[in-house]
Structures are given as C-alpha cells and as structure tokens.
Amino acid sequence: MYEYIEGIYRGLNKDYVIIENQGIGYRIFTSGNSIYSMPNIDSKVRLYVEQIVRQDFIGLYGFINKYELEMFLKLININGVGSKAALAILSINTVDTLREAIYYSDESVLMKANGVGKKTAQRIILELKDKISLAVPDRVSQISVDYKSSSILTESREALLSLGFDEKSINKVLDQVVEEFSDKSLEFIIKECLKSLMR
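Definitions and cut-offs
Residues numbered from 1 in each chain as written. Predicted model: local features only at pLDDT ≥ 70, side-chain atom pairs only at ≥ 80, totals over all residues. Heavy atoms only, no water. Helix = DSSP H or I, 4+ residues; strand = E, 2+ residues; numbered from the N terminus. Buried < 20%, exposed > 50% of the residue type's maximum accessible area, 1.4 Å probe, protein only. Areas by Shrake-Rupley, 256 points an atom, 1.4 Å probe, with all protein chains shown as cover. Pairing = 2+ DSSP bridges. Axes fitted to C-alpha atoms, helices over the stretch in contact; angles between N-to-C directions. Contact = heavy atoms within 4.5 Å. Arc of directions from axis to C-beta. Polar contact = N/O pair within 3.5 Å; in protein donor to acceptor, adjacent residues only side chain to side chain. Phe/Tyr/Trp six-rings, centres within 6.5 Å; stacked < 30°, edge-to-face > 60°. Lys NZ or Arg CZ within 6 Å of the ring centre and 35° of its normal. Salt bridge = Lys/Arg side-chain N within 4 Å of Asp/Glu carboxyl O.

Once that is clear, we can look at the overall build of the protein chain. Looking only at helices and strands, one finds 9 helices and 5 strands in the protein chain. Its helices and strands taken in sequence order, the protein chain reads β-β-β-α-β-β-α-α-α-α-α-α-α-α from the N to the C terminus. A buried classification covers 45% of the 199 residues belonging to the protein chain. Looking at the protein chain as shown, the accessible area adds up to about 10600 Å², and 45% of this sits on carbon and sulfur atoms.

As a further point, take the sheet that holds strand E5 (residues 57-63). Ordered in space as E1-E2-E3-E5-E4, the 5 strands form a closed barrel in which the pairing is mixed. Taken pair by pair, the neighbouring strands of this sheet meet at an average axis angle of 55°, ignoring direction. Helix H2 (residues 66-76) rests against strand E4 (44-54) and E5 of the sheet, and its axis sits at about 15° to E4. Those strands touched by helix H3 (residues 83-92) are strand E3 (24-29), E4 and E5, and its axis lies near 15° from that of E5.

Time to look at H2. Looking at H2, one finds that the buried residues are Glu68, Leu69, Met71, Phe72 and Leu75. All buried residues of H2 lie within an arc of 165° about the axis, which places them on one face of the element. Its side-chain oxygen 3.1 Å from the backbone nitrogen of Tyr67, Asn65 forms the N-cap of H2.

Let us look at the environment of Glu155. Inspection of the secondary structure assignment puts Glu155 in helix H7 (residues 150-162). Separated by 31 residues in sequence, Glu155 and Leu186 place their C-alpha atoms 8.3 Å apart.

According to the stated counting rule, one finds 8 aromatic pairs in the structure shown. A ring pair is formed by Phe29 and Phe57, whose centres lie 6.0 Å apart and whose planes are at 55°; its orientation type is tilted. Of the two residues, Phe29 sits in strand E3 while Phe57 sits in strand E5, which places them 28 residues apart along the sequence. Classification of Phe29 as buried rests on a relative accessible area of 12%. Judged by relative accessible area, which is 21%, Phe57 ranks as partly exposed. Ring geometry for Tyr61 against Phe72: centres 5.3 Å apart, planes inclined by 20°, an arrangement best described as stacked. Taken as a pair, Tyr61 in strand E5 and Phe72 in helix H2 lie far apart in primary sequence, 11 residues in all. Each of the two residues, Tyr61 as well as Phe72, counts as buried. Through successive ring pairs, a cluster of aromatic residues spans Tyr16, Phe29, Phe57, Tyr61, Phe63 and Phe72. Above the face of the Tyr16 ring, Arg27 is positioned so that its terminal group lies 4.5 Å from the ring centre. Sitting above the plane of the Tyr4 ring, Arg46 keeps its charged end 3.9 Å from the centroid.

Bringing the pattern of salt bridges into the picture now. On inspection of all chains with the given rule, the structure shows 7 salt bridges. Between Asp42 and Arg10 there is a salt bridge; the shortest N-O distance is 2.6 Å. Within this pair, whereas Asp42 is found in the loop between helix H1 (32-36) and E4, its partner Arg10 is found in strand E1 (residues 4-13), the two being separated by 32 residues in sequence. Residue Arg10 is classed as partly exposed on the basis of its relative accessible area, which comes to 37%. Here the salt bridges share partners, and the residues they tie into one network are Glu6, Lys44 and Arg46.

This is how it looks when you write it as structure tokens:
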C-alpha cells in the first residue's frame, strides 16, 4: 500500500520513530540500524515502509533504505520469524553483514539477536541462502537533556531492550556513553549506544 513516507523526524520512543507528514505523526517501527542513521530532530527524512496487518495489530515498519526493508520482508516470510525477531536481527547487523552470514552459513551472527536460537538461525540460512546476493551494497546515510535523570536512563534502556539487545550489554555501554556525553540528547545517546552494541 505504501512505498515510502517522507516527512519531518520528530524523535523516537522505544522501538519506533515518529515522522510527521502534513500534520500527522506516523509511528513507524524500525531497527537499530535505521535509528542510528536518522538525521537530527526536525530534519527531513524518508523511510521505506511496509504496513503489517494482523488480527489484533496494524503497524508501519520503515527503514532508511530499500535494502533493509527488502531483508526485513524476507525474514518475516520465514516460518517462526516474526517482525520483532526480524527487527532484532537487523538491529545488531548491517544488511551487508547479514548477507555474508547467510551466504557463508554463519549461524553465530544471527544468534546474537535476542530471541534467535540455533534452529531459527539454521532455518533463516536454509531459506535465504539461495535468495541473497553479496553484490548489492548496503547504502546507509550516516539526538539537550540531563542524563543524570533516572527517567532518561530508563527511556534509553527500554528503547535498546526493545531492539533486541541484552540488558547486561546495554547497561555496560549506556554507563560509558552517559558518562562521556552527559549533556547530549536522548537520540544522541541511543545512537552512540547502538554504535557500540552493533560492533
């Protein structure tokens, strides 16, 4: 139904970003990679989207480029891989890294994602190995709040947890980032955490 949404980036909340277009704020669920690549707040951005309709849910999933959207769609078409697991996989890997892992049958890369076990990783590799190519590059364009406030730390932690990272890793990285960038905004802190968590 939708190809993309272009509008003003108004910020993020846990596992989704808010894009305003003609006075309407769209809640768009996305990956850690796309959150990391979002521009400054109040800047223009385009997200390539897919609407998912279930019996109890209607939502928009959007990504900073078509390659990530295409990989998301491939993942959710695999039995046992839902949108949450797909976002978790795309949050800890770039599309290029994911393609390579599938191409070379590297289960360990996929299993880094929260909720993805060995059997699911094997199923993803089995079903996608013949459908992916290493030739297409992943094109990704590369957030003032008092961070001593416990509510801000909680928001950052919840956002990272919702993207599929484990709490131990989040706490370690979050403490380091907040100590170094205590005067920065929520989006900035989350992006810096993602930079470390996605390595």
